[in-house]
Amino acid sequence: MKKPNLAVDFCGVRFPNPFVLAAAPPTDDAEMIARGFEAGWAGAVVKTLGLEHVEVNLVSPMMVGMDYEDKRLVALQNIDLISDRDIREVLPEVRELKKSYPDRIVIVSIMASTEAEWKEITRRVQEAGADMIECSFSCPHGMPERGMGSAVGQNAELTYERAKWVAEAAEIPVLIKLTPNVTDMRPVAEKVKEAGAEGVTCINTVKGLIGFDLDTMAPIPSVEGYSTEGGISGPAIKPIALRFVADVARDVGIPVAGVGGVVTWKDAAEFLLAGAGIVEVCTAVMRYGYDIIEELNEGLALYLEDKGLASPMDLVGKGLPKIVGHGELSRATKVLATVDEDTCIGCGACVIACRDGGHQAIEFAGPDAGEDARVPKVDDEKCIGCGFCRTVCPVEGCLTMQPREEKISA
Ligand SMILES: Cc1cc2nc3c(=O)[nH]c(=O)nc-3n(C[C@H](O)[C@H](O)[C@H](O)COP(=O)(O)O)c2cc1C
């Protein structure tokens, strides 16, 4: 079989692979984007630009991470704003970038206020040679106070109106970046489609309050002792992003650029399965650098080869038919926790989890078992097959859930 070709067609544009740098600090100037392109990224969304008269007054610090156990940066909160660079400087850089990297896709993210401004910025970005436009209707902090950002993406009518202005002015494909800070993104995405934009990008950051400094008792990041709610990104938001991508891809039928929490090729493959046509990455690039593209490209190519697929496009939406309503899930098969005694390290994580978070179905074999005293034993009568014990077992493949009948008769 031939090696898979990673190129994808998305909204009528050919990307050399499905991976694109999301609008954020890694795309705030052309020198940085060029390094990303050299590393192998197929495209970049230039960090959101406003017109020259829009004041962008940044605070510092504007980012703080959330650690969990020994893992740093499970989530990142930012209170950054759109780019503070002058659009008159950035657009000539876009032109040069396209000259130097004609096969790479330059998408420019924009934000404006009135119809005249949205149309003006659209035209100027287009004249600079951008391949696509991404409109940020989704920043959860700062901009909503001025009637922009997520104040737009949370309102289907405002979304329709603004998306239409841009779609009318644009001759290149338009993506509308939506906010996850809504109960249901589908009505908003429907309006994007109705307005004539080519696709949606989902998601922007999730509004949150990442924590407090216990010494000062003030929220973080501390800006002279004060803070504000911000946008959460990174691995913690992946499930939220996947859910919105799947909802929109399945029920609205509009091309989706997926973004939120992607670190590895496996995350990216999941976004494709959920219906994303391309995958954007921000926090992982900020943390690990542009070179993660190698792992993304190589991992995805090997996965496709392993599955006998020729293109990432063969994955797009392939997981959607298996997402059903809760009521439609089968009740026919019941599973049972099953411990592989050979690989069990006797840590007791499953015993505690089942005792205090489950159904008291797992206990250590006890002193009578001699050497096996710390091997967990599952009480088949009490186990309801909830699966929680498996989530805490530190040994891959040691604690599995097996169909009840097979397990009991084995
Ligand atoms: C510091 C920072 C700045 C960002 N700036 C923008 C921006 O200017 N425009 C935009 O549409 N999204 C912006 N984002 C959101 C990202 O593009 C992306 O949607 C979000 O971080 C989720 O992806 P991730 O989990 O891969 O980071 C920013 C994110 C971060 C962390």
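Position numbers for residues count from 1 along each chain, tracking the sequence in the order it is written. Note on the predicted model: pLDDT of at least 70 is required for a residue's local features to be given, and 80 or more for side-chain atom pairs to be given and counted; whole-chain, interface and lining totals, by contrast, use all residues.

Asks: Would you mind going over the overall build of the protein chain with me for this structure?
Replies: The helix and strand labels rest on DSSP assignments: H or I over at least four residues marks a helix, E over at least two residues marks a strand, and numbering proceeds from the N terminus. Secondary structure summary: the protein chain contains 13 helices and 20 strands in total. The dimensions of the protein chain, computed from C-alpha atoms along their principal axes, are 80 × 60 × 40 Å. Here the C-beta atoms are placed from the backbone, and a residue counts as buried if at least 20 other C-beta atoms lie within 10 Å of its own, exposed if 12 or fewer do, and partly exposed otherwise. Taken across its 410 residues, the protein chain has 44% of its residues classed as buried. Contacts here follow a simple rule: the backbone-placed C-beta atoms of the two residues must lie within 7 Å. A sequence separation of at least 24 residues applies to 69% of the contacts in the protein chain between residues at least 6 apart.

Asks: What is the right way to read the sheet that holds strand β11 (residues 206-208) from this model?
Replies: One key point about sheets: their strands pair by backbone hydrogen bonds, in either a parallel or an antiparallel sense. Spatial strand order, β5-β6-β14-β11: four strands in an open sheet with antiparallel pairing. Two strands lie at the open edges of the sheet, namely β5 (63-68) and β11, each paired on one side alone. In this sheet, adjacent strand axes meet at a mean angle of 40 degrees when their direction is disregarded. Strand pairing is assigned whenever DSSP detects at least two bridges linking the two strands. Every angle, taken between N-to-C directions, lies between 0 and 180 degrees, and every axis is a line fitted to C-alpha atoms, over only the stretch in contact when it is a helix.

Asks: Just checking my understanding: could you explain the sheet that holds strand β8 (residues 132-136) for this structure?
Replies: Ordered in space as β3-β4-β7-β8-β9-β10-β15-β16, the eight strands form a closed barrel in which the pairing is parallel. Adjacent strand axes in the sheet meet at a mean angle of 25 degrees when their direction is disregarded. As defined by bridge partners, strand β4 (residues 43-49) adjoins strand β7 (residues 105-110) across five bridges and the pair is classed as parallel. By the bridge assignment for β7, Val45 is matched with Ile107.

Asks: How should helix α8 (residues 265-273) be read in this particular structure?
Replies: Since one α-helical turn is 3.6 residues long, residues separated by three or four positions face the same way. Of all nine residues that make up α8, eight are buried, and the element is covered over most of its length. Burial in α8 covers these residues: Trp265, Asp267, Ala268, Ala269, Glu270, Phe271, Leu272 and Leu273. Considering only its buried residues, α8 is in contact with β3 (19-21), α7 (238-251), β15 (256-259), β16 (276-281) and α10 (292-306). Backbone geometry just after α8 places Gly275 at a positive phi near 115 degrees.

Asks: Which parts of the structure should I look at to understand the nonpolar core?
Replies: The tendency in soluble globular proteins is for nonpolar side chains to be buried as a group. Residues Ile133, Val245, Val248 and Val279 are the most contacted members of the largest nonpolar core, which totals 105 residues. At seven residues, the largest contribution of residues to this core is made by α7. Residues within four places of Val245 in sequence aside, it is in contact with Cys202, Val256, Gly258, Phe271, Ala274, Gly275 and Ala276. Nonpolar cores are built from buried Ala, Val, Leu, Ile, Met, Phe, Trp, Tyr and Cys residues. These are joined into a set through C-beta atoms within 7 Å. Within the second largest apolar cluster, eleven residues are counted, among which are Val351, Cys354, Ala361 and Cys389.

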